[in-house]
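Structure assessment
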Amino acid sequence: MEPDKDPIDMPIDGTLDLHTFQPQDVGALVPDYLEACREHGIYQVRIVHGKGTGTLRRRVHALLERLACVESFRQAGAGGGGWGATLVWLRQKP
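This write-up is about the structure you can find in this document. For clarity, every value in this text was computed on a predicted model and none was experimentally measured.

1. Some details on the packing of helix H1 (residues 26-39) against helix H2 (residues 55-66)
With their axes 10 Å apart at the nearest point, H1 and H2 run at an angle of 55° to one another. Here H1 is positioned oblique relative to H2, judged by the angle of their axes. Both H1 and H2 take part in a crossing whose hand is right-handed. Seen from H1, the contacting residues are Val26, Gly27, Val30, Pro31 and Leu34; seen from H2, they are Leu56, Val60, Leu63 and Leu64. Considering only residue class, the contact of H1 with H2 consists of eight nonpolar, one polar and no charged.

What follows is the structure, given as C-alpha cells:
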C-alpha cells in the first residue's frame, strides 16, 4: 500500500503526522520532511506517531538517532489520552 500523501505535497509547517502512512514508509518520509523543514527555516518539528512504545515510535526514534540533521529529540507526552509525538530539534544550516 502506498502512502496517502507524498511528503513533498504535504504542508511544511513543522508537524508530520504519520498516522496516514505505513511504518515501513518512515525511512523515506521522515528524512525528506525534516530536510524540507530546514529549507523553510523550521528547526523544531513535531512528529506524531502514537502512544506508548509502539513499532512506529521505535522506528522513528531509531531513524532520528542516525540523522545528521537532528540536533536532539525527545518523546512528548500523549496529553489527555491523545496521540504521542516526538519533538525534534534540527541543526541550523551553516
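Text resumes after the structure shown.
2. Side note on H2
Here H2 spans 17 Å end to end across 12 residues, near enough to the 16 Å set by a 1.5 Å rise per residue. All of the buried residues in H2 are Leu56, Arg57, Val60, His61, Leu63 and Leu64. Taken around the axis of H2, the buried residues stretch over an arc of 165°, which confines them to a single face. In H2, those exposed residues whose orientation departs by more than 90 degrees from the buried face are Glu65 and Arg66. Of the surrounding elements, those touching the buried residues of H2 are H1, strand E2 (44-48), strand E3 (70-76) and strand E4 (85-90).

3. Let's talk about the sheet that holds strand E1 (residues 15-17)
Taken in spatial order, the four strands of this open sheet run E1-E2-E4-E3, and their pairing is mixed. The open sheet has two free edges, formed respectively by E1 and E3, since each of these has just one partner strand. Across this sheet, the average inter-strand angle for adjacent strands is 20°, counted without regard to direction. Pairing geometry for E2 and E4, over five bridges, is antiparallel.

Rules behind the numbers
- Residue numbers run consecutively from 1 along every chain, following the written order of its sequence.
- Local features in a predicted model are, by the rule used here, given only for residues with pLDDT of at least 70; side-chain atom pairs are given and counted only at 80 or more, and totals for whole chains, interfaces and linings are based on all residues.
- Computation of side-chain values covers all heavy atoms of the structure but excludes hydrogens and water.
- All axes are obtained by fitting lines to C-alpha atoms, using only the stretch in contact for helices, and the reported angles, taken between N-to-C directions, cover 0 to 180 degrees.
- Working definition: helices are DSSP H or I runs of at least four residues, strands are E runs of at least two. Numbering for both runs from the N terminus.
- An angle below 35 degrees is read as roughly parallel, one above 145 as roughly antiparallel, one from 65 to 115 as roughly perpendicular, and any other as oblique.
- When the near helix sits turned anticlockwise from the far one by under a right angle, the crossing is termed left-handed; a clockwise turn instead gives a right-handed crossing.
- Whether two residues are in contact is decided by their heavy atoms: any pair within 4.5 Å suffices.
- Any residue that is not Ala, Val, Leu, Ile, Met, Phe, Trp, Tyr, Cys, Pro, Asp, Glu, Lys or Arg is counted as polar, Gly included; the first ten are nonpolar and the last four charged.
- By this rule, a helix spans an expected 1.5 Å times one less than how many residues it contains.
- Exposure categories follow from relative accessible area, calculated using a 1.4 Å probe and restricted to protein chains: below 20% of the type maximum is buried, above 50% is exposed, and the middle band is partly exposed.
- Arc definition: directions from the helix axis to the C-beta atoms.
- Pairing between strands requires that DSSP locate at least two bridges from one strand to the other.

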